[in-house]
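Understanding the architecture of this molecule
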Amino acid sequence: MESYQFLLALALILIFTKVFGLMTAKVHLPQVVGALIAGIILGPSGIGLLTESDFLLKTSEIGVIMLMFIAGIDTDINELKRTGPAACLIAVLGVAVPIIGCGGTYFLFFERTADFNSIIKAIFVGVVFAATSVSITVETLNEMGKLKTPVGATLLSAAIIDDIIGIVVLSVVSGLGDSDIKPGIVVLKILGFFVFTLVVGFLVYKLFKRITINHEKSRRVAVWALAFCFIMSYCAEKLFGVADITGAYFAGVILCNLTGSRKYVAKKVTAASYLVFSPVFFAGIGLKTNLSGLNGSIILFALVLAVMAVMTKILGCGAAAKVCGMSNRESLTVGIGMVARGEVALMVAQKGIDTGNISADIFPAIVLCVVVAALITPVLLKLVISKGDKNTPKYNDEPDNLTKVTV
């Protein structure tokens, strides 16, 4: 871009993402979908006003880091403890089955030999569809008055846990995807990262508890928290070869138990993120989605992958819920509730493009599948959940929904 052209690009992204976000919200669809559509329209598949630039790439990277930090700080540890084993089993199968199903679909379509690199690429595609969009699930359940039910609480916890598992798997696969690094070194680096996170996390948590004694809602707390997020992102990528978004996520998890200032920090970081950085990230995904490259085989792949993305969550999570003693209807509700993909899936897909593990040719198909999964979840949930069911037992308290995703 020429000098100062980045200002026009930023203005167009903010205007278009907000307009299309509001339009999708009007028809009860996630605003993230509107932001993706805005990027596609502005990019080479649309009117072609914008192309990728170094400014947009760096701003987008900041946006994705802030999004993962928000997801981490939104993690409710008490809720995870309460729903415990059931949520863990649902999350494990909710990650494993999509990785096998969606990764296997990619492998059958595009890979001819079972060599190491082909398997890594297939797993990477599977990891894209491993994580559940907590925001879409929460918004849908809350709208139907089912968030405070045992099924709703278990589903929410499972969605959080499978995000954590997905991020860990992403870190492993990203490391193994580098042919110059031996698997043993990758494992050691990842273990080193988690030891580093535990030690630094303990010290930083204690430090923040002291800082926030008399400054729970001071702006400096939010500034220091965000600085810690960026430091963890840098250390993860630079020192351990772990994805920067993994460092950002665990920075949020470390601070999620700051009872007094947690909501304040989440509110401030969310405002900063969704004011500038997150719209650029979501629009940037749209800019990369060049629909002109779609051909018959890619479209067929997208259709099969979309079906697989939906069915693997329903079967994997639903089966786990059934094993945990839930009824058929409750199990189906859990399975459908875990179908939604959103921000985390797009972040993983972006990381796949950056590392060369996801081809630009199939990237539009992956984005379309993420959008389909996000759109179909509220529809399917409304079919299986009766709003008038007054006999469902409820908890007395409801998990905090600190950061409803709006663009």
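Below you will find a few notes about this structure. (Residues numbered from 1 in each chain as written. Predicted model: local features only at pLDDT ≥ 70, side-chain atom pairs only at ≥ 80, totals over all residues. Heavy atoms only, no water.)

A short note on the pattern of salt bridges
A pair can form between side chains of opposite charge whenever their charged atoms are brought close. This is how the line gets drawn: Every case where a carboxyl oxygen of Asp or Glu lies within 4 Å of a side-chain nitrogen of Lys or Arg is listed as a salt bridge. The helix count covers DSSP runs of H or I at least four residues long, the strand count covers runs of E at least two residues long, and both are numbered beginning at the N terminus. Note on classification: 1.4 Å probe, protein chains only; a residue is buried when its accessible area is under 20% of the maximum for its type, exposed when over 50%, partly exposed between these limits.
Applying the stated criterion across every chain, the model contains four salt bridges. The salt bridge partner of Asp 162 is Lys 313, with a shortest N-O separation of 2.8 Å. Of the two residues, Asp 162 sits in helix α7 (residues 150-176) while Lys 313 sits in helix α12 (residues 296-323), which places them 151 residues apart along the sequence. A relative accessible area of 0% means that Asp 162 is categorised as buried.

A word on the environment of Thr 24
Applicable threshold: Contacts were defined at the residue level, with two residues in contact if any of their heavy atoms lie within 4.5 Å.
Summarising the element assignment, Thr 24 is placed in helix α1 (residues 5-26). When the C-alpha atoms of Thr 24 and Ala 35 are compared, they prove to be 9.1 Å apart, with 11 residues separating the residues in sequence. Discounting residues that sit within four places of it in the chain, Thr 24 has contacts with Leu 29, Pro 30, Gln 31, Val 33 and Gly 34.

Considering helix α11 (residues 262-288)
Definition in use: Fitting one axis to the seven residues ending at a residue and another to the seven starting there, the bend at that residue is the angle between the two axes.
At Tyr 274, α11 shows its largest kink, close to 55 degrees. With 19 of its 27 residues buried, α11 lies for the most part within the structure.

Let's talk about the packing of helix α14 (residues 343-355) against helix α15 (residues 363-384)
We count it as follows: To get an axis, fit a line to the C-alpha atoms, keeping to the stretch in contact for a helix; angles then go from 0 to 180 degrees between the N-to-C directions. Convention used here: angles under 35 degrees read as roughly parallel, angles over 145 as roughly antiparallel, angles from 65 to 115 as roughly perpendicular, and any remaining angle as oblique.
One can describe the packing of α14 onto α15 by two numbers: an axis separation of 10 Å at closest approach and a directional angle of 175 degrees. Accordingly, the angle class assigned to the pair α14 and α15 is roughly antiparallel. Residues Ala 345, Leu 346, Ala 349, Gln 350 and Ile 353 of α14 form the contact with α15, whose own contacting residues are Phe 363, Ile 366 and Val 370.

Here we look at the side chain of Gln 350
Turning to its location among the elements, Gln 350 is positioned in helix α14. According to the relative accessible area criterion, Gln 350 is buried, its value standing at 7%.

Observations concerning α15
Structural remark: α-helix, 3.6 residues per turn; residues separated by three or four positions point the same way. Heads up, the condition is: Multiplying 1.5 Å by the helix residue count minus one yields the expected span of that helix.
Here α15 is 22 residues long and its end C-alpha atoms lie 32 Å apart, about the 32 Å a rise of 1.5 Å per residue gives. Of all bends in α15, the biggest is about 30 degrees, found at Ile 376, and the proline Pro 378 comes one to four residues later.

Quick notes on the state of the cysteines
Here is the rule: The disulfide criterion is simple: two cysteine sulfur atoms within 2.5 Å.
Scanning all chains against the criterion turns up zero disulfides. The thiol sulfur of Cys 102 is not disulfide-bonded, and the nearest other cysteine sulfur, from Cys 369, lies at 7.9 Å.

Considerations on the environment of Ala 130
Mapped onto the fold, Ala 130 is located in the loop between α5 (116-128) and α6 (134-143). When the C-alpha atoms of Ala 130 and Ala 159 are compared, they prove to be 9.9 Å apart, with 29 residues separating the residues in sequence. Once residues lying within four places of it in the same chain are set aside, the contact partners of Ala 130 are Gly 94, Val 95, Pro 98, Ile 99, Asp 162 and Lys 313.

Quick look at the packing of helix α9 (residues 219-240) against helix α10 (residues 244-255)
As a reminder of what qualifies: For any pair of crossing helices, the crossing counts as left-handed if the nearer helix is rotated counterclockwise from the farther one by less than a right angle, and right-handed if it is rotated clockwise. Each residue gets one label: Ala, Val, Leu, Ile, Met, Phe, Trp, Tyr, Cys and Pro are nonpolar, Asp, Glu, Lys and Arg are charged, and the others, such as Gly, are polar.
Where α9 contacts α10, the two axes come as close as 7 Å, and the packing angle between them is 140 degrees. Overall, the two elements α9 and α10 adopt an arrangement that is oblique. For the crossing formed where α9 meets α10, the hand is right-handed. Contacts between α9 and α10 involve Ala 225, Phe 228, Cys 229, Met 232, Ser 233, Ala 236 and Glu 237 on the former and, on the latter, Asp 244, Gly 247, Ala 248, Ala 251, Ile 254 and Leu 255. Class assignment for the residues of the contact of α9 with α10 results in nine nonpolar, two polar and two charged.

Observations concerning a nonpolar patch on the surface
This is how it is decided: Excluding any residue in a salt bridge, patches collect residues exceeding 30% relative accessible area, merging like charges within 9 Å and nonpolar Val, Leu, Ile, Met, Phe, Trp and Tyr side chains within 5 Å. Residue burial considers only the protein chains on display, and all accessible areas are found by Shrake-Rupley using a 1.4 Å probe.
Taken together, Val 195, Leu 198, Val 199, Phe 202 and Leu 203 make up a surface patch of nonpolar side chains, about 530 Å² in accessible area. With respect to the element layout, Leu 198 can be found in helix α8 (residues 183-211). A residue is classified by how much of its surface remains accessible, and Leu 198, at 65% relative accessible area, is exposed.

Looking at the environment of Thr 270
Tracing the backbone shows Thr 270 in helix α11. For Thr 270, a relative accessible area of 13% gives the class buried. With 204 residues separating them along the chain, Thr 270 and Met 66 place their C-alpha atoms 7.9 Å apart.

Side note on the nonpolar core
Going by this rule: For our purposes a nonpolar core is just a set of buried Ala, Val, Leu, Ile, Met, Phe, Trp, Tyr and Cys residues, chained together by side-chain atoms within 4.5 Å.
Residues Phe 69, Val 128, Phe 129, Leu 255 and Ile 366 are the most contacted members of the largest nonpolar core, which totals 97 residues. Considering each element in turn, this core owes the most residues, 11 residues, to α7. Non-local contacts of Val 128, meaning those with residues more than four positions away in its chain, are made with Arg 341, Ala 345, Val 348, Ala 349, Ile 358, Ile 366 and Val 370. In terms of nonpolar packing, the next biggest core, distinct from the first, is built from 10 residues, Leu 12, Leu 42, Leu 50 and Leu 287 among them.

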